[in-house]
Amino acid sequence: MPITRSRRAMLLAAGVMLPLPVLTGCSSDDDGPPPRAAWDIASAPRSGTAGTGTLRWALDATPTTLNAFQKTADTGTQRIAGAVLPSLYTLDARGRAQRNGDYLASADVTSTDPKQVVVFKLNPKAVWSDGRPIGAEDFQAQWKALRGTDEKYGTARNAGYDRIAKVEPGDKEHEVKVTFAKPYTDWRSLFTPLYPKSVMGNPAVFTAAANKGLAVGAGPFMVRRVTDSEVTLVRNPRWWGDRARLSRVVFQAVPAEKRAEALIAGRLDLAEVDRTTARRIQATAPGKQAAGAKRGSSAPGKAGAPEPSTGGREASTGGREAGEATRTAHTGAAHTGAGREESAREEAGAQGAATGDTGDTDKNRSRTRALSRFTLRKALDPAYTQLALNGTKGPLADERVRRAVARAIDRKALAKLVLKPVGLPSEPLGNHLLMAGQPGYKDHSGALGDPDTNAAQSLLADAGWRAGGTGRQKALDGKTDDRGSRHSAPTATATDSATESATGPATDPATDSASGTAWGTASPTASKSASGAPPAAGDAGRSGRLRETAVVRKKGRPLVLRFVLPDDRTGARLGTVGERIARMLEKIGVRTEITKVSGESYFRDHIATGDYDLALYSWPASAYPATDARPIYAKPQPAADGSLVVEQNYTRVGTDQIDQLFDQALSELDGGASRSLVSRADARIWAAAGSIPLYQRPQLIAMRKGLVNAGAFGFATPRYQDIGFRR
């Protein structure tokens, strides 16, 4: 499903275009199997399932709306819509659009001159749950509601719908003819999900709260009940496709930090979990056998199919207030062997939590037995974490400084830090617009160059930032002097979290928060958490004297970058990654002042408003990057009041060339040519050095043994009618 988030902030962005080198690197062909860890599904024939039963599936919160096009729509909204509404196209495990035969007999571009015309031929069996056939009037109502001309609808997006000139019945029965005013390459993204005209034709119904339910649907399931804590789906008696193998699906609101206990108590069957819970589940398996590709993952889609044929993704929500902001000055150096030590500590902690090393009590044994009823499925989430560089002011307004920062970052080390401990491929992401395995994926990081301390220092020197300034700084609150010597105790390590915000860029998913087990490398600076907890010693206290590095200066002023991170459980993993980045920047003489703020306000008050120099947050990937990625990288434009509208480009770095390439890609109807334009846009985005992709996030799913055709879906849309329990 296309991204439905739209944020605006009024800030200036600067972008300088440099000639691009000839690029080389890994790429993905359009054909062939998905890459390792793209998905991890327990596949089984439908005939092998019981044909009844209730699935209890965890969401972070009960959706506030069941309309996926409302501004408050979240992951729960999308999950429910996928089960109860038409999806004309779904995604396979490689993020490729696949025609859904349950609704579409065919869909073709029948004309491109003088206008693009697409004719959808509907499955004649397709009907709404009230018995009315799905038809052109539903398409018309959705187009009119989402094209952006009626403020009463307040839609989150109108991309694509604003390019349509008219929607009308086709020449033949069951046909819908869509004529475009402007060519649109991503036309397959439209009308998914498709709502009945009773919803789209009435602004009051369109904006209704979730507790009003959804009276009419057209999926294998229908909405039966919505409460404050759960949404219950039951079989749709008018469903014409393969009968659902479950009698009910109950989406339960269970916050990330409470999921481990809910699993142990037997209240859930399927849930995305944090890293510690995942390792506890693995520790209960015979031989501690790893999940995922090593175990023989099976493709999602129709049961027994050799190639997956559906798609989608889960993102979880997070972010809660943790206290007032704290500030830390940071210039530590990397510690030899820190990564190995932290992995060893984490392994020991997870094993202890799973086996009851804290005391072999009956309670611990009982908890271990309860977790042994689950298996772990894991994949690379179709979402990535980036280092954002705010190019609107200060040193980072100079592209040479941004490029220097980028060349100081060892992305391979960061990917390894996050992904290797959970057994996922630890390659850094080389593309802003496509995930590894998507058609057209190419690693364009060569537009910036490999990590190179000397090259980074040369860029800084060219921008006027040089080492060897006069005077020395006072060591206050954990700050260092001009030679990088540390004057403070180390901080405590943070714990992981499990979720991503569904209303904006996310603060990295899931990992250790539920159990509270510490992990990661300790900070070499003095700090306190937002809650005021005192620090505890970590690696830094045992590593000896740090290597001294001069802080670079310009006209006597040191280069200090304010690194804003969330100070709550959603920011634990980000905190660890942020500390490692700070050490990398110290090597080129750049000081970072880490500012930890409330997770609740992190995006709203800091990222969206540009109140940061450096930040870490995540974006979901898309099967339609020409449409969905454009507002993320669009050059800010003047508003009527003289301010600038940045859309979703929170780095404020953009260029006319990038905008032009996106516009051309949107209008190019040849798929290969459009992907080529998107690829060129990505190379330009790399060169502008406003956003540095680091890694795809881990997707860790706890699944009750015996549940099949479910797991870590990655890009792939769940085929809800095939999910079931073994006989």
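Residues numbered from 1 in each chain as written. Predicted model: local features only at pLDDT ≥ 70, side-chain atom pairs only at ≥ 80, totals over all residues. Heavy atoms only, no water.

Broken down by element type, the chain carries 17 helices and 25 strands. Burial status across the chain gives 60% buried among its 727 residues. Here the chain displays about 27100 Å² of accessible surface, and carbon together with sulfur accounts for 48% of that area. (Helix = DSSP H or I, 4+ residues; strand = E, 2+ residues; numbered from the N terminus. Buried < 20%, exposed > 50% of the residue type's maximum accessible area, 1.4 Å probe, protein only. Areas by Shrake-Rupley, 256 points an atom, 1.4 Å probe, with all protein chains shown as cover.)

A few words on the nonpolar core. By size, the foremost hydrophobic cluster in this structure holds 112 residues, and its most contacted members are Phe120, Ile134, Phe139, Phe191 and Leu233. Of all hydrophobic cores here, the second largest spans 62 residues; its members include Ala37, Ala447, Val552 and Ala702. (Core = buried A, V, L, I, M, F, W, Y, C linked by side-chain atoms within 4.5 Å.)

Counting across every chain of the model gives 23 salt bridges. Between Lys166 and Glu168 there is a salt bridge, and its shortest N-O distance comes to 3.7 Å. Taking the relative accessible area as the measure of exposure, Glu168 reaches 23% and is therefore partly exposed. Of the charged contacts in the structure, one is a salt bridge between Glu399 and Arg402, with a shortest N-O distance of 3.6 Å. Of the two residues, Glu399 and Arg402 both sit in helix H9 (residues 399–408), three residues apart, roughly one turn of that helix. The class of Arg402 is buried, set by a relative accessible area of 1%. (Salt bridge = Lys/Arg side-chain N within 4 Å of Asp/Glu carboxyl O.)

Before going further, it helps to spend a moment on the packing of aromatic side chains. By the definition in use, this model includes 19 aromatic pairs. Look at Phe120 and Trp187: their rings are 6.0 Å apart centre to centre, the planes differ by 70°, and that puts the pair in the edge-to-face class. Here Phe120, found in strand S6 (residues 117–122), pairs with Trp187, found in the loop between strand S8 (175–180) and helix H3 (197–200); they are 67 residues apart in sequence, far enough to count as distant. For Trp187, a relative accessible area of 4% translates into the label buried. Here the aromatic rings of Phe120 and Phe191 are separated by 6.1 Å at their centres, their planes lie at 80°, and the arrangement is edge-to-face. Within this pair, whereas Phe120 is found in strand S6, its partner Phe191 is found in the loop between S8 and H3, the two being separated by 71 residues in sequence. (Phe/Tyr/Trp six-rings, centres within 6.5 Å; stacked < 30°, edge-to-face > 60°.)

What follows covers the packing of helix H16 (residues 656–667) against helix H17 (residues 671–688). It is at 8 Å that the axes of H16 and H17 come closest, and there the two elements cross at 165°. As the angle between them shows, H16 and H17 are arranged roughly antiparallel. Between H16 and H17 lies a crossing whose hand is left-handed. The residues of H17 that touch H16, namely those facing Ile658, Leu661, Phe662, Gln664 and Ala665, are Ser674, Leu677, Val678, Arg680, Ala681, Arg684 and Ile685. Class assignment for the residues of the contact of H16 with H17 results in eight nonpolar, two polar and two charged. (Axes fitted to C-alpha atoms, helices over the stretch in contact; angles between N-to-C directions. Parallel < 35°, antiparallel > 145°, perpendicular 65-115°, else oblique. Left-handed = near helix turned anticlockwise from the far one by under 90°. Contact = heavy atoms within 4.5 Å. Nonpolar A, V, L, I, M, F, W, Y, C, P; charged D, E, K, R; others polar.)

Turning to the pairing of strand S22 (residues 691–704), a few remarks are in order. For S22, the tally of buried residues reaches 14 of 14 residues, placing the bulk of the element in the interior. Where strand S12 (residues 270–272) meets S22, three bridges bridge the pair, whose relative direction is antiparallel. Bridging from a neighbouring strand, Glu272 pairs with Ile701 of S22. Relative to S22, strand S14 (residues 374–389) runs antiparallel, the two being bridged by 12 bridges. Bridging across to S22, Thr375 finds its partner in Met703. (Pairing = 2+ DSSP bridges.)

This part covers unusual backbone geometry. Note that the residue after Asp113, namely Pro114, is joined by a cis bond; omega there is 10°. Mapping Pro114 onto the fold places it in the loop between strand S5 (104–111) and S6. The omega torsion across Thr192 and Pro193 is -5°, close enough to zero to call that bond cis. Residue placement: Pro193 occurs in the loop between S8 and H3. At His174, a position not held by glycine, the phi torsion is positive, near 70°.

As a further point, take H16. Counted at 1.5 Å a residue, the expected span for H16 with its 12 residues is 16 Å, and the 17 Å between its end C-alpha atoms agrees. The elements touched by buried residues of H16 are helix H14 (625–628), helix H15 (630–633), strand S20 (637–638) and H17. (Expected span 1.5 Å × (residues − 1).)

As a further point, take the packing of H9 against helix H11 (residues 453–462). Relative to each other, H9 and H11 sit at 165°, their axes nearing to 8 Å. Classed by the angle they form, the pair H9 and H11 counts as roughly antiparallel. The handedness of the crossing between H9 and H11 comes out as left-handed. Each of Arg400, Val401, Arg403, Ala404, Arg407 and Ala408 in H9 lies in contact with H11, whose residues at this interface are Ala455, Ala456, Leu459, Leu460 and Asp462.

This paragraph deals with the environment of Ala159. For Ala159, the location among the structural elements is in the loop between helix H2 (136–146) and strand S7 (164–169). On the accessibility criterion, Ala159 (23% relative accessible area) is partly exposed. The sequence separation of Ala159 and Arg147 amounts to 12 residues, and the corresponding C-alpha distance is 7.8 Å. Not counting residues within four places of it along the chain, the set of residues in contact with Ala159 comprises Tyr184, Leu190 and Thr627.

In this fold, Thr64 is placed in the loop between strand S2 (54–59) and helix H1 (75–84). Judged by relative accessible area, which is 49%, Thr64 ranks as partly exposed. Taking the C-alpha atoms as reference points, Thr64 and Asp74, separated by 10 residues in sequence, lie 8.3 Å from one another. Setting aside residues up to four positions removed in sequence, Thr64 forms contacts with Thr72, Ala209 and Ala210.

Let's shift gears to the sheet that holds S5. Taken together, four strands build an open sheet; the order of strands is S5-S6-S8-S7 and the sheet is antiparallel. Whereas interior strands pair on both sides, the edge strands pair on one side only; in this sheet they are S5 and S7. Going from strand to strand, the sheet's axes swing by 15° on average, the running direction of each strand aside. Pairing geometry for S6 and S8, over five bridges, is antiparallel. Residue Phe120 lies in a different strand from S8, and its bridge partner there is Val176. In the packing of H2 onto the sheet, contacts are made with S6, S7 and S8, and the angle to S7 comes to roughly 160°.

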